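# Observations on the model geometry
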Amino acid sequence: MGVRGLHGFVGSSCPQVCTEVNFRELAEQHRSEHPGRAPTIVVDAMCCLRYWYTPESWVCGGQWKEYFSVLEDFVRTFTAAGIRLVFFFDGMVEQDKRDEWVRRRLKNGREIARIFHYLRAHGEQPGRSMFFIPSGLAVFTRFALKTLGQDTMCSLQEADYEVAAYGRQNGCLGILGEDTDYLIYDTCPYFSISELCLDSLTTIMLCRQKLCASLGLSLPDLPLLACLLGNDIVPEGTFETFRYKCLSSYTSVRENCDKKGSVVFAVADHISKVLRSHQGERKLEEMLPLGPNKALFYKAMASYLLPGQKSPWISQTPKAVTTLDKQEVPMSSDPESKQEVPTNLEPEIKQQVTMVSDTEILEVDALCLEDLHAFLAQALCLQGKSAGQLADLQLDHVDPRAVQLGSLLVRGLTTLVLVNSACGFPWRTSELMPWNVFDGKLFHEKYLQSARGCSAEALVEQSRSRLARFHQLKSVVCKACLGEGRRIVSQQLWRPHHTGRWGRQGPGSHRTSSGHSRSSQGQYWRDQGPGSRHHESDPWRRHAPSSGWSN
């Protein structure tokens, strides 16, 4: 997100931009300078999701009770320091950023595909390097923060703009996020969420004034720099030839120049020495190879101007800027390369879209009895478990189908939240929050037990009250499905080619909790190898426990 290459440049070639700060000290200073005004930090929540999600398990659908505890600690720590937090969430994708949004969604699809390939090959969760936030995390984070009494806002346009505007207009202590666009906006200080140490309340402040001093620029020059480097509106390839020419000119007069960070230095040098020398005499489009991207470029420049701000690089708001949202703007990858890219998706992109829709990824199209038993058992058993107990659960292996089912349930909850709101809240919102009804690891444990043929008594952990509720809920669900012409049957009755795709685990095999292997070559893993056994369609009522019951 943000300006292409700027984050790496600051870290490697311009470290003086970064300064360690302590929020407690900054808050005290703010209170002394502004008596009666609580120090406020505006938080770009979408940038913080990866920082907040610290539970070890992330692939099974989310450890929601653990996650809620993390958010609770986060809020409690800042509140204890007398710091007010205001959280912003993305509400929509602006028209001029949709191409970038599509690219990110395709990238996400490729990453998810890699995760499922890993699951099928290894039967375990990938390392943190492949981490992907659980489904619904952004939606339910907002509800969690509201539950914790925090101010949350849903943006009506790009969230980073509204965050920057809110911070400036309300004299906030700073912005907490992870987006280099906050180095470009002329707003309150920008703090890094990835560098935050919650215990000491210290982090890194990225100072735009020091960035300007290092590059020989002024604050109004930063939006121009960002657009020439490429950002969420201007594709990176748009000014590739221009940047190459700047770099060639810059490095030709400097020996032993570090080319890794030289592109930013070179473009900044061109702005300060070439463009600024003609500022006021020639229009920007006369000095830059804007070509067919003129309207898009001016729109990107204007997007960094907060209410009441003006840019010396834009003499007046171009007509193209005000009409850009209402029309389709053709974009070329580079106006000097004579290679035009149509606004429609290229064949390669369309192929990627097809790949993302791979049935091996999405997420299961039929529910079997074993699935239902696992869902019911985990919902009933969740109520008596703490976040710590859930964190201590250990899985024998990770099953791709269970991963899909867990994700589907959470996605279903996000839909129910919207339906509940549209219908006037017939259900309490708290009843639809995942930390009250779902835990990924617990569901996975129940799924593996159910798939092995464990009895209902074992699934509900020998509780008579849970068992009664289990059969009651099962009857309600099965009756409702039957009324829709969907009979839920045991996976034992499915044929190998059933569209539910039970057991499609790829070319490899995974051990089950009983130690046997499970193949994916279109056969039921129960029917393979030693120890295989057959069950009737509903074996969970067969045996009553001899002892160990609880209420």
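Residues numbered from 1 in each chain as written. Predicted model: local features only at pLDDT ≥ 70, side-chain atom pairs only at ≥ 80, totals over all residues. Heavy atoms only, no water.

Inspection of the secondary structure assignment puts Leu 6 in helix H1 (residues 6-13). Overall, the relative accessible area of 0% leaves Leu 6 in the buried class. The residues touching Leu 6, leaving out its near neighbours within four places in the chain, are Thr 180, Leu 183 and Ile 184. (Helix = DSSP H or I, 4+ residues; strand = E, 2+ residues; numbered from the N terminus. Buried < 20%, exposed > 50% of the residue type's maximum accessible area, 1.4 Å probe, protein only. Contact = heavy atoms within 4.5 Å.)

Mean pLDDT for the chain: 82, with 79% of residues reaching 70 or above. Here residues 318-342 scores under 50 on pLDDT; set against residues more than four positions off or in separate chains, the count is 52 contacts. Predicted confidence is poor over residues 344-357, with pLDDT under 50, and the contacts of this stretch with residues over four places away or in other chains come to 17 contacts. (pLDDT = per-residue confidence, 0-100.)

As a further point, take the nonpolar core. In a soluble, globular protein the nonpolar side chains are often hidden away together inside. Of all hydrophobic cores here, the largest spans 61 residues; its most connected members are Leu 224, Leu 225, Leu 228, Ile 271, Leu 284, Leu 288 and Phe 297. In terms of residue count, helix H9 (residues 222-229) provides more of this core than any other element does, seven residues in total. In this structure, this core is formed jointly by two domains, domain 1 (1-215) and domain 2 (216-317), each of which donates at least three residues. Beyond its immediate stretch of four places on either side in the chain, Leu 225 contacts Leu 215, Leu 217, Val 264, Val 267, Ala 268 and Ile 271. (Core = buried A, V, L, I, M, F, W, Y, C linked by side-chain atoms within 4.5 Å. Domains from an automatic or database assignment.)

Quick look at the pattern of salt bridges now. Enumeration over the complete set of coordinates arrives at 15 salt bridges. Among the ionic pairs, Asp 151 bridges to Arg 84, the shortest N-O distance being 3.0 Å. Taken as a pair, Asp 151 in strand E4 (residues 151-154) and Arg 84 in strand E3 (residues 84-89) lie far apart in primary sequence, 67 residues in all. Ionic pairing is found between Glu 461 and Lys 446, a salt bridge with its closest N-O pair at 3.0 Å. A residue pair is termed long-range when its members are at least 10 positions apart, and Glu 461 in the loop between helix H21 (456-459) and helix H22 (464-483) and Lys 446 in helix H20 (residues 440-451) qualify at 15 residues. Beyond isolated ion pairs, a larger network of salt bridges with shared partners links Lys 385, Lys 446, Glu 461 and Arg 466. (Salt bridge = Lys/Arg side-chain N within 4 Å of Asp/Glu carboxyl O.)

A few words now on the environment of Leu 137. Position of Leu 137 among the secondary structure elements: in helix H6 (residues 137-147). By relative accessible area, Leu 137 is classed as buried at 1%. Counting along the chain gives 84 residues from Leu 137 to Tyr 53, while the straight-line C-alpha distance between them is 8.8 Å. Ignoring any residue separated from it by four or fewer positions in sequence, one finds Leu 137 in contact with Leu 49, Tyr 53, Trp 64 and Tyr 67.

This part takes up helix H3 (residues 45-52). Every α-helical turn comprises 3.6 residues, leaving residues that sit three or four positions apart pointing alike. Within H3, burial applies to Ala 45, Cys 47, Cys 48, Leu 49 and Trp 52. The elements touched by buried residues of H3 are strand E2 (40-44), helix H4 (64-80), E3, H6 and strand E5 (174-177).

This brings us to the sheet that holds E3. Spatially, the seven strands line up as an open sheet ordered E1-E7-E6-E5-E2-E3-E4, and their pairing is mixed. Two strands close off the open sheet at either side, each with one partner strand: strand E1 (18-22) and E4. The average undirected angle you get between the axes of adjacent strands in this sheet is 30°. Both E3 and E4 contribute to a ladder of four bridges, which runs parallel. Paired with Phe 87 across the strands is Thr 152, a residue of E4. Contacting E2, E3 and E5, H3 crosses the sheet at an angle of about 80° to E2. Each of E2, E3, E4 and E5 is contacted by helix H7 (residues 159-169), which is oriented at about 155° to E3, the strand it contacts most. (Pairing = 2+ DSSP bridges. Axes fitted to C-alpha atoms, helices over the stretch in contact; angles between N-to-C directions.)

Moving on: the packing of H6 against helix H18 (residues 400-422). Interaxial distance between H6 and H18 falls to 10 Å at its minimum, and their mutual angle equals 55°. When the interaxial angle is binned, H6 and H18 end up oblique. Of the two possible hands of crossing, H6 and H18 adopt the one that is left-handed. Of the residues in H18, those in contact with Val 139, Phe 140 and Phe 143 of H6 are Val 410, Leu 413, Thr 414 and Val 417. A per-class count over the contact of H6 with H18 returns six nonpolar, one polar and no charged. (Parallel < 35°, antiparallel > 145°, perpendicular 65-115°, else oblique. Left-handed = near helix turned anticlockwise from the far one by under 90°. Nonpolar A, V, L, I, M, F, W, Y, C, P; charged D, E, K, R; others polar.)

To continue, consider the state of the cysteines. Taken as a whole, this structure holds zero disulfides when the rule is applied. Cysteine Cys 48 is unpaired, with the sulfur of Cys 47 as its nearest cysteine sulfur at 6.3 Å. Left unpaired, Cys 172 is separated from the closest cysteine sulfur, that of Cys 188, by 5.5 Å. We classify Cys 172 as buried; its relative accessible area is 8%. (Disulfide = S-S within 2.5 Å.)

Further remarks concern H20. Taking 1.5 Å as the rise per residue, H20 with twelve residues should run 16 Å; its terminal C-alpha atoms sit 16 Å apart, in good agreement. Most of H20 sits inside the fold, with twelve of its twelve residues counted as buried. When we look at burial in H20, the residues that qualify are Gly 440, Lys 441, Leu 442, Phe 443, His 444, Glu 445, Lys 446, Tyr 447, Leu 448, Gln 449, Ser 450 and Ala 451. Summarising the contacts, the buried residues of H20 are in contact with helix H16 (369-382), helix H17 (387-391), H18 and H21. For H20, the N-terminal capping position is held by Asp 439, with its side-chain oxygen 3.2 Å away from the main-chain nitrogen of Lys 441. Following H20 by one or two positions, Gly 453 adopts a phi angle in the positive range, close to 90°. (Expected span 1.5 Å × (residues − 1). Polar contact = N/O pair within 3.5 Å; in protein donor to acceptor, adjacent residues only side chain to side chain.)

Another aspect to go through is the pairing of E2. Burial runs high along E2: five of the five residues are buried. A two-sided burial pattern is seen for E2, the buried positions comprising Thr 40, Val 42 and Asp 44 on one face and Ile 41 and Val 43 on the other. Where E2 meets E3, five bridges bridge the pair, whose relative direction is parallel. When the bridges of E3 are listed, Val 43 appears paired with Phe 87. In the sheet, E2 pairs with E5 via three bridges, with the strands oriented parallel. Note that in E5 the partner of Ile 41 across the bridge is Gly 174.

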